[in-house]
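Chain by chain, the residues run as shown.
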Amino acid sequence: MRILGIETATSVCSVCILENSQLIAEYTTNITKTHSQRLMPMIKHVLANAELIPKDIGVIAVSIGPGSFTGVRIGISVAKGMAMALDIQIVGVSTLDGIAYNLMNSSTGQVCVITDARRKQVYTSIYEMPNVKCQMPNMKKLTEDIVLPIEELIKKIKKKTIFIGNACALYFNTLKKELGDLAIVCPPQLDIPHASSIAFLGENMLK
């Protein structure tokens, strides 16, 4: 099964091809051009580099936010249009789940994804990574995707937690000041959502 993954819910625009649970191509940008200008050329690029045509795709996995309304709308619109034209299945995946997936098999314990919702608020969800050899079904989601002020989120943290997401850069000092050693903040390269994470999660949802 070949899956086209699409991530557009933040400033990042990312596209990938997953084939039989293997990532074969991914194209990710984090620049100022709008997703409407970038997304279709990026899809064309990854297909061409993988020596595929649209009809070779069997499923589309697309991020559904939370995040930028415009970005989410663009990604879903393209995914739905392609799925209808190709008569294939489409699956929607939480952007926060996708970011948490960046830590799969590399960390244990509690993970909190935070992305910027502006007005001093964050989109967030909390997860439990049980062990470093876990597979996706074992990544337990402890909360729904929610939006709240960073101060309210901090009050909910009672044990050592790994923070990941683009809001970590904005609230690094606040997290360390209020939570001290309970807050472990990921390096910025892990904060970026990737289409490959959306595709792997979409594949698990389909299974």
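Our structure's up above, just so we're on the same page.
So, here is what we can say about the structure in this document. Fair warning: this is a prediction, and the values are worked out from it, not measured in the lab. (Residues numbered from 1 in each chain as written. Predicted model: local features only at pLDDT ≥ 70, side-chain atom pairs only at ≥ 80, totals over all residues. Heavy atoms only, no water.)

## Observations concerning the sheet that holds strand 5 (residues 89–93)
The mixed open sheet is built from five strands, whose spatial order is 3-2-1-4-5. In this open sheet, the two edge strands, each paired with only one partner strand, are strand 3 (22–29) and strand 5. Averaged over all pairs of adjacent strands, the angle between their axes in this sheet comes to 15 degrees, without regard to strand direction. Of the pairings in the sheet, the one linking strand 1 (residues 2–7) to strand 2 (residues 13–19) comprises six bridges and is antiparallel in character. Paired with Ile3 across the strands is Leu18, a residue of strand 2. Its contacts with the sheet put helix 1 (residues 35–49) on strand 1, strand 2 and strand 3, and the angle it makes with strand 2 is roughly 25 degrees. Relative to the sheet, helix 2 (residues 69–86) contacts strand 1, strand 4 (59–63) and strand 5, its axis offset from that of strand 4 by approximately 170 degrees. (Pairing = 2+ DSSP bridges. Helix = DSSP H or I, 4+ residues; strand = E, 2+ residues; numbered from the N terminus. Axes fitted to C-alpha atoms, helices over the stretch in contact; angles between N-to-C directions. Contact = heavy atoms within 4.5 Å.)

## Some thoughts on unusual backbone geometry
The peptide bond linking Gly65 to Pro66 adopts the cis configuration, its omega dihedral lying at 10 degrees. Topologically, Pro66 is positioned in the loop between strand 4 and helix 2. The phi dihedral of Asp87 falls on the positive side, at around 55 degrees, and the residue is not glycine. The exposure class of Asp87 is exposed, given its relative accessible area of 70%. (Buried < 20%, exposed > 50% of the residue type's maximum accessible area, 1.4 Å probe, protein only.)

## Considering the nonpolar core
If you look at the biggest cluster of nonpolar residues, it comprises 28 residues, and the most contacted ones within it are Leu103, Val111, Val113, Tyr127 and Ile164. Broken down by secondary-structure element, the contributors of at least two residues to this core are strand 2, strand 4, strand 5, helix 3 (95–101), strand 6 (109–118), strand 7 (121–129), strand 10 (161–164) and helix 6 (195–206). Tallying contributions element by element places helix 6 first for this core, with five residues. For Tyr127, the residues in contact, after removing those within four places along its chain, are Leu96, Asp97, Ala100, Gly109, Gln110, Val111, Val113, Met139, Lys140, Lys141, Leu142 and Asp145. Core analysis: the next-biggest nonpolar cluster, separate from the first, contains 22 residues, Ile6, Ala25, Leu39 and Ala50 among them. (Core = buried A, V, L, I, M, F, W, Y, C linked by side-chain atoms within 4.5 Å.)

## Quick look at the side chain of Glu203
Checked against the element boundaries, Glu203 lands in helix 6. Engagement of the side chain of Glu203 in a polar contact is seen with the side chain of Ser21, the distance being 2.9 Å. Residue contacts for Glu203: discarding those within four places in its chain leaves Met1, Ile3, Leu18, Asn20 and Ser21. (Polar contact = N/O pair within 3.5 Å; in protein donor to acceptor, adjacent residues only side chain to side chain.)

## Quick word on helix 1
Its 15 residues give helix 1 an end-to-end C-alpha distance of 20 Å, which sits within 8% of 21 Å, the value for a rise of 1.5 Å per residue. Against strand 1, strand 2, strand 3 and helix 2 lie the buried residues of helix 1. In the stretch just after helix 1, Glu51 is the one whose phi turns positive, near 55 degrees. (Expected span 1.5 Å × (residues − 1).)

## Let's talk about the packing of helix 1 against helix 2
Close contact between helix 1 and helix 2 brings their axes to 10 Å; oriented N to C, the two are set at 35 degrees. Our pair here, helix 1 against helix 2, has a crossing hand that is right-handed. Taken together, the residues of helix 2 that come into contact with helix 1 (itself represented by His35, Ser36, Leu39, Met40 and Ile43) are Gly71, Ile74, Gly75, Val78 and Met82. Among the residues making up the contact of helix 1 with helix 2, the classes are represented as six nonpolar, four polar and no charged. (Left-handed = near helix turned anticlockwise from the far one by under 90°. Nonpolar A, V, L, I, M, F, W, Y, C, P; charged D, E, K, R; others polar.)

## Observations regarding the side chain of Ser196
Positionally, Ser196 belongs in helix 6. Discounting residues that sit within four places of it in the chain, Ser196 has contacts with Cys16, Leu23 and Glu26.

## Notes on the pattern of salt bridges
Overall, the coordinates contain four salt bridges when judged by the stated rule. In this structure, Glu19 and Arg2 form a salt bridge, with 3.4 Å as the shortest nitrogen-oxygen distance. On the criterion of sequence distance, the pair formed by Glu19 in strand 2 and Arg2 in strand 1 is long-range, its members being 17 residues apart. The class of Glu19 is partly exposed, set by a relative accessible area of 24%. You can call Arg2 partly exposed: its relative accessible area is 26%. In this structure, Asp145 engages Lys141 in a salt bridge whose closest nitrogen and oxygen atoms are separated by 2.7 Å. You can call Asp145 partly exposed: its relative accessible area is 29%. A relative accessible area of 33% means that Lys141 is categorised as partly exposed. (Salt bridge = Lys/Arg side-chain N within 4 Å of Asp/Glu carboxyl O.)

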